[in-house]
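Chain by chain, the residues:
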Amino acid sequence: MPFVIRSCVIGGSNMGILLSAPQTEFEIIEEEWRDAVKQIAKRGEFIGGASVARFEKAFAEYIGAQGMVGVGNGTDALILALKSLGIGPGDEVITVANTFVATVAAIHHVGARAVLVDCDERTYLMDIGKVTQAVTARTKAIIAVHLYGQMVDLHELLPWAEERGIAVIEDGAQAVGARLYNRAVGNWGQLACFSFYPDKNLGAFGDAGGITGSSPELLSTLRKLRNHGGEMRYQHELPGFNSRLDPIQAIALDIKLKYIEQWTAKRIQIAKWYEHELNGISNVVLPCHRNDQSHVFHLFVIRVPDLARSSLMKHLQKKGILTGIHYPTPVHLTPAFSYLGYGPGDFQTSEKASKEILSLPMNITVSEQDVETVAKEIRNLLGGVSI
Ligand SMILES: Cc1ncc(COP(=O)(O)O)c(C=O)c1O
């Protein structure tokens, strides 16, 4: 069976209120993208070339970073970032249990040990207080995950980590466009990693990723690591990987980048509509965030009682409203990471959240009327019922 962006298909058709809408974004940029793809095909620029360099420059400028290195996907971005910092066997990297599994898989793949901490019960983001308690002499890095589009406030952690020689890496996969104290995601840690998976808020037409940073040495190492260990053909200075950003994806991303502020503003507007419509419905907990661009709502995640969630999802699906769970199992309880030795009860906030969170439709096609419909159906099922 081919991979399908699961959130976009209902019974084989594209009707209803979608969780994400990369197809619509494709329609918006299709003509410009096709023309540019024809040009690279004519020039024979199938790997690397001007279109990749153009997007890397534009993205770095957008973030305010010194540079950006395009890679194959967000997981590779994390692996290469850790490698470039020299992290490997014997080292520990602290991150949060409530994240997509790739954050932790990357730590595993460089041979380091993932040390997990719980999330904050209001924001679902890494609990910074727990991070400082988890540090040992082996800690080499902290991966801060800007989950659901909301930024982890790193302004105190960064100088604290720097004093101790601990690198901070941002996992910005879900938060392109977010800004805190006027400083963009991707411009805080030593390095920041991005996924441009198609239904991300800056999404390609397939797998793609990138790493931003401001150290010329690290950026140069990353350019080598992604390309068989060298920036020049057949000059292999390091044992490298093949994880280059595809020009076809770079073109799509470069065009979409022109829309990102407009699309982010739409997401923030949709969130406001949801908050207005869902406010006061018993059994619904709304997201907790500042009223600025520090949350760009890659996902709009509410909380409902554990016992009601699956019936609510089914009810909404019957009405053509697609929802998701990000994520149903915290990383420490996934079979892949049982070897880390954690068990049920170790990260209670993440565990409780995983049973109660629900992502509502959030994409540039969602209208105020859609939000009213979603809220009406939630109210019908949950409002006034004691669960
Ligand atoms: C927080 C986070 N980190 C890392 C990744 C991995 O990115 P990719 O799927 O492009 O490898 C994702 C993608 O879903 C993500 O959401």
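Numbers given for residues are sequential positions, taken from 1 along each chain in its written order. Only residues with pLDDT of at least 70 are given local features in this predicted model, and only at 80 or more are side-chain atom pairs given and counted; all residues enter the totals for whole chains, interfaces and linings. Only hydrogens and water are set aside when side-chain values are computed; all heavy atoms of the structure are taken into account.

As annotated in an unreviewed UniProt entry, the protein chain is DegT/DnrJ/EryC1/StrS family aminotransferase from Cohnella faecalis. UniProt, in its Sequence similarities (unreviewed entry) section for the protein chain, records the words "Belongs to the DegT/DnrJ/EryC1 family." UniProt positions are given in the numbering used here, feature names are shortened, and annotations may be inferred rather than shown by experiment.

Right, let's get into helix α8 (residues 247–257). The buried label goes to any residue with under 20% of its type's maximum accessible area, the exposed label to any with over 50%, and the partly exposed label to all in between, with areas taken from a 1.4 Å probe on protein chains only. By the criteria applied, helices consist of DSSP H or I runs no shorter than four residues and strands consist of E runs no shorter than two, each listed in order from the N terminus. Across the 11 residues of α8, 10 count as buried, placing the element largely inside the fold. For α8, every residue scored as buried is listed here: P247, Q249, A250, I251, A252, L253, D254, I255, K256 and L257. The N-terminus of α8 is capped by D246, whose side-chain oxygen sits 2.8 Å from the backbone nitrogen of I248. Pairs of N or O atoms are called polar contacts if they sit within 3.5 Å, as long as, within protein, a hydrogen donor faces a hydrogen acceptor (for residues adjacent in sequence, only side-chain-to-side-chain pairs).

Of all the bends found along helix α1 (residues 22–43), the most pronounced is centred on I29 and spans about 60 degrees. Within α1, the full set of buried residues consists of P22, E25, I29, W33, V37 and I40. Packing partners of the buried residues in α1 comprise α2 (50–63), α8 and α9 (260–278). G44 occupies a position one or two residues after α1 and carries a positive phi of about 75 degrees. A residue's bend is the angle separating two fitted axes: one through the seven residues that end there, the other through the seven that start there. Contact between two residues is taken to exist if any of their heavy atoms lie within 4.5 Å; hydrogens are not considered.

What follows is about the sheet that holds strand β2 (residues 92–96). With respect to topology, 7 strands assemble into an open sheet ordered β1-β9-β8-β5-β4-β2-β3, the strand pairing being mixed. The sheet is open, and its two edges are formed by β1 (67–71) and β3 (113–117), each paired on a single side. With strand direction ignored, the average angle separating the axes of adjacent strands in the sheet is 25 degrees. Note that strand β8 (residues 191–195) and strand β9 (residues 209–213) share 5 bridges and pair antiparallel. Bridge pairing in β9 places L191 opposite G213. The axes are straight lines fitted to the C-alpha atoms, using for helices just the contacting stretch, and the angles between their N-to-C directions are given from 0 to 180°. Packing of α2 onto the sheet brings it into contact with β1, β8 and β9, and relative to β1 it is tilted by some 130 degrees. Its contacts with the sheet place helix α7 (residues 216–225) against β1, β8 and β9, and it is angled at close to 15 degrees to β1. When DSSP locates at least two bridges between a pair of strands, those strands are taken to pair.

Moving on to the site of the ligand. Lining the immediate environment of the ligand, one finds 15 residues, of which G74, T75, D171, S195 and K200 sit closest. Within the side chain of S195, a nitrogen or oxygen atom sits 2.7 Å from an oxygen atom of the ligand. Against a free-state accessible area of 390 Å², the protein chains account for coverage of 92% of the ligand. Those elements that place two or more of their residues in the shell around the ligand are α3 (74–84) and α4 (101–109). We call a residue near a given molecule or strand whenever any one of its heavy atoms falls within 4 Å of it. In short, Shrake-Rupley with a 1.4 Å probe defines the accessible areas, and a residue's cover is counted only from the protein chains shown.

Attention now moves to the UniProt feature "modified residue: N6-(pyridoxal phosphate)lysine" (unreviewed entry) in the protein chain. The UniProt entry lists K200 under the feature "modified residue: N6-(pyridoxal phosphate)lysine" (unreviewed entry), expressed in the numbering used here. Leave out the neighbours within four places in its chain, and K200 touches A173, Q174, S195, R267 and H298.

This paragraph deals with the nonpolar core. Take the buried Ala, Val, Leu, Ile, Met, Phe, Trp, Tyr and Cys residues and link them wherever side-chain atoms come within 4.5 Å; each set so joined is a nonpolar core. Core analysis: the largest hydrophobic core is formed by 88 residues, its most contacted members being F55, F59, L82, F196 and L202. In this entry, domain limits derive from an automatic or database-based domain assignment. Both domains that furnish three or more residues to this core are identified here as domain 1 (6–23 + 260–382) and domain 2 (26–257). In this structure L82 touches I87, V93, A106, I107, V110, I143 and I169, once residues within four positions along its chain are discounted. Counting residues in each nonpolar core, the second largest holds 27 residues, with W273, L278, L316 and V371 among its members.

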